[in-house]
Amino acid sequence: MTVPRTLAFCCLALLWQRETITLSDLLRFVEEDHIPYINAFQHFPEEMKLYGRDKGIFAIESWPNYEDIYKKMIEIATFLDLPRFPDITEDCYLHPNMLCLKYLMEVNLPDEMHNLTCQVVKMTGIGEVDFLTFDPIAKMAKTAKYDVQAVAVIVVVLKLLFLLDDNLEWSLSNIAEKYNEKNKEDKPWFDFRKWYQVMKKSLDEKKQKWEETRAKYLWKSEKPLYHSSIDKSVVCKRREMVVNLQKQFSTLVDSTPTIGKKSPSSFQFNWTEEDPDRTCFHGHSLQGVLTKKGQSLTTKNSLYWLSTQKFCRSYCKHVTTYEESNFSLSYQFIINLFSFLLRIKTSFLHEEVSLIEKRLFKTKYSKTKKKSSRSRKVRKY
């Protein structure tokens, strides 16, 4: 049981209990030092003496990775021959409808979008109990990436509404801006451009703080590990000298007092109507991008482009590839925003978006499949 495997085991326990915490939350709590991970041995009692091989287990020199911990969760559950986990039902926090609502609030998008995300969840079948519930003894043991999946649904809904082709979203923004200027007393229409400006500023600030925190992080522990008891005195003396130097440099570089550790929270962004510098879009209307057709509402935008035209069928680890230069700037921003929120690779989220689209647009994919089988030409994916 290495430290990453221990973290994966903790995540399995949380999933079994159906706790209101996702894998990305857990990894972020590790990053924020709420959960011991880097230099976890510092919290061990004095009677636990670590030497030799223990150093290789507990001397962690990198942050946990989402994909790696996710794979380890499946490996451990399969190895332990665990039974089917408790059902993930609609009233459970890990259900995509619940998580979509949470992430819509997080990234300051209109509440009205939740109805659309629920429709996509229903149409794709990703809200079904059997699809969401982890069963390690099944033939193909795998668990849903609950947080990544929910965020991917939101990306698909944004594409359905605004296309995200660096053209339509700005045209719709112009219409919303004109309407809001003329009808200041009415419920404001959602303005994608204004939302983009607010979110970009907030994201840049968060990223800068995150990078600064990472740069300042002290990897060396206060209670160092040593190969044998003979090395103990040498290591302790060296550590004492390092601590003294750090204190001297910290007083020279930064005179401001260090702020105490904040309590863990599921939300990274907070939006309130009272904040004049940061507009809250939760109560804004989607009337500018929806049109009434009989009793139902449909999107004014009738176009859609697939994130992946052809899926990889080789024995490589990925099902699709993601090169930023091949996609619109709006799509890149959305993918980067949510990837930072979950602390995952952009390619990982893009892959999940493609898989949601594959379920949503089955007919489109079956047509492209027939065309490719007729053609003898080899195409790049």
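Residues numbered from 1 in each chain as written. Predicted model: local features only at pLDDT ≥ 70, side-chain atom pairs only at ≥ 80, totals over all residues. Heavy atoms only, no water.

**Focus on the overall build of the chain**
Phase 1 of the analysis: From N to C terminus, the chain includes 14 helices and two strands.
Phase 2 of the analysis: A separation of at least 24 residues holds for 76% of the contacts in the chain among residues at least 6 apart in sequence.
Phase 3 of the analysis: When the accessible area of the chain is evaluated, it comes to approximately 23,000 Å², of which 54% is carbon and sulfur surface. (Helix = DSSP H or I, 4+ residues; strand = E, 2+ residues; numbered from the N terminus. Contact = heavy atoms within 4.5 Å. Areas by Shrake-Rupley, 256 points an atom, 1.4 Å probe, with all protein chains shown as cover.)

**Quick notes on the environment of Leu26**
Phase 1 of the analysis: In this fold, Leu26 is placed in helix 2 (residues 23-31).
Phase 2 of the analysis: Taking relative accessible area as the criterion, Leu26 reaches 5% and is therefore assigned buried.
Phase 3 of the analysis: Leu26 sits 18 residues away from Ala8 along the chain, and the two C-alpha atoms are 9.9 Å apart.
Phase 4 of the analysis: When residues no more than four places from it in sequence are discounted, the contact partners of Leu26 are Leu7, Cys11, Leu14, Ile21 and Ile35. (Buried < 20%, exposed > 50% of the residue type's maximum accessible area, 1.4 Å probe, protein only.)

**A look at the UniProt feature "signal peptide" (unreviewed entry) in the chain**
Phase 1 of the analysis: When the UniProt feature table is mapped onto this chain, "signal peptide" (unreviewed entry) is found at residues 1-22.
Phase 2 of the analysis: Along residues 1-22, the helical share is 64% and the strand share 0%, with 22 Å between the first and last C-alpha atoms. (UniProt positions renumbered as here; feature names shortened; annotations may be inferred.)

**Things to note about the pattern of salt bridges**
Phase 1 of the analysis: Taken as a whole and judged by the stated rule, the model has 13 salt bridges.
Phase 2 of the analysis: A salt bridge links Asp25 to Arg28, with the nearest nitrogen and oxygen atoms 3.3 Å apart. Here Asp25 and its partner Arg28 are both found in helix 2, three residues apart, which amounts to about one turn of the helix. The same class applies to Asp25 and to Arg28, which are both buried. (Salt bridge = Lys/Arg side-chain N within 4 Å of Asp/Glu carboxyl O.)

**Details of the side chain of Asn301**
Phase 1 of the analysis: One can find Asn301 in the loop between strand 2 (296-299) and helix 12 (329-342).
Phase 2 of the analysis: Polar side-chain contacts of Asn301 include one of 3.0 Å to the backbone nitrogen of Leu303.
Phase 3 of the analysis: Those residues in contact with Asn301 that sit more than four places away from it in its chain are Lys159, Leu160, Leu161, Leu163 and Leu168. (Polar contact = N/O pair within 3.5 Å; in protein donor to acceptor, adjacent residues only side chain to side chain.)

**With respect to helix 6 (residues 113-124)**
Phase 1 of the analysis: Over its 12 residues, helix 6 extends 17 Å from the first C-alpha to the last, a length consistent with the 16 Å expected when each residue adds 1.5 Å.
Phase 2 of the analysis: Phi turns positive, to about 80°, at Gly125, one or two residues after helix 6. (Expected span 1.5 Å × (residues − 1).)

**Examining a nonpolar patch on the surface**
Phase 1 of the analysis: Where nonpolar side chains cluster on the molecular surface, the patch consists of Met1, Phe9, Phe79 and Leu80 and spans about 490 Å² of accessible area.
Phase 2 of the analysis: Among the secondary structure elements, Phe9 is positioned in helix 1 (residues 3-16). (Patch = residues over 30% accessible without salt bridge, like charges linked within 9 Å, V, L, I, M, F, W, Y side chains within 5 Å.)

**Observations regarding the packing of helix 5 (residues 96-106) against helix 8 (residues 146-162)**
Phase 1 of the analysis: Where helix 5 meets helix 8, the closest approach of the two axes is 9 Å, and the angle between their N-to-C directions is 65°. Put simply, helix 5 runs roughly perpendicular to helix 8. The handedness of the crossing between helix 5 and helix 8 is right-handed. Of the residues in helix 8, those in contact with Pro96, Leu99, Cys100, Tyr103 and Leu104 of helix 5 are Tyr146, Asp147, Gln149, Ala150, Val151, Val153 and Ile154.
Phase 2 of the analysis: Each residue belonging to the contact of helix 5 with helix 8 can be placed in one class, and the counts come to 10 nonpolar, one polar and one charged. (Axes fitted to C-alpha atoms, helices over the stretch in contact; angles between N-to-C directions. Parallel < 35°, antiparallel > 145°, perpendicular 65-115°, else oblique. Left-handed = near helix turned anticlockwise from the far one by under 90°. Nonpolar A, V, L, I, M, F, W, Y, C, P; charged D, E, K, R; others polar.)

**Focus on the packing of helix 2 against helix 4 (residues 66-79)**
Phase 1 of the analysis: Two elements in contact, helix 2 and helix 4, have axes whose closest approach is 11 Å; the angle formed by their N-to-C orientations is 120°. Our classification of the angle between helix 2 and helix 4 gives oblique. Where helix 2 crosses over helix 4, the handedness of that crossing is right-handed. Listed contacts from helix 4 to Leu23, Ser24 and Leu27 of helix 2 are Tyr66, Ile69, Tyr70 and Met73.
Phase 2 of the analysis: Residue composition of the contact of helix 2 with helix 4, grouped by class: six nonpolar, one polar and no charged.

**Digging into the packing of aromatic side chains**
Phase 1 of the analysis: Counting across every chain of the model gives 22 aromatic pairs.
Phase 2 of the analysis: With a centroid separation of 4.9 Å and an interplanar angle of 70°, the aromatic rings of Trp16 and Phe85 are classed as edge-to-face. Here the residue Trp16 occupies a position in helix 1, and Phe85 occupies one in the loop between helix 4 and helix 5, the gap between them amounting to 69 residues.
Phase 3 of the analysis: By relative accessible area, Trp16 is classed as partly exposed at 36%.
Phase 4 of the analysis: Since its relative accessible area comes to 3%, Phe85 is described here as buried.
Phase 5 of the analysis: Ring centres of Trp170 and Tyr196 lie 5.9 Å apart, and the angle between their planes is 75°; this geometry places the pair in the edge-to-face category. (Phe/Tyr/Trp six-rings, centres within 6.5 Å; stacked < 30°, edge-to-face > 60°.)

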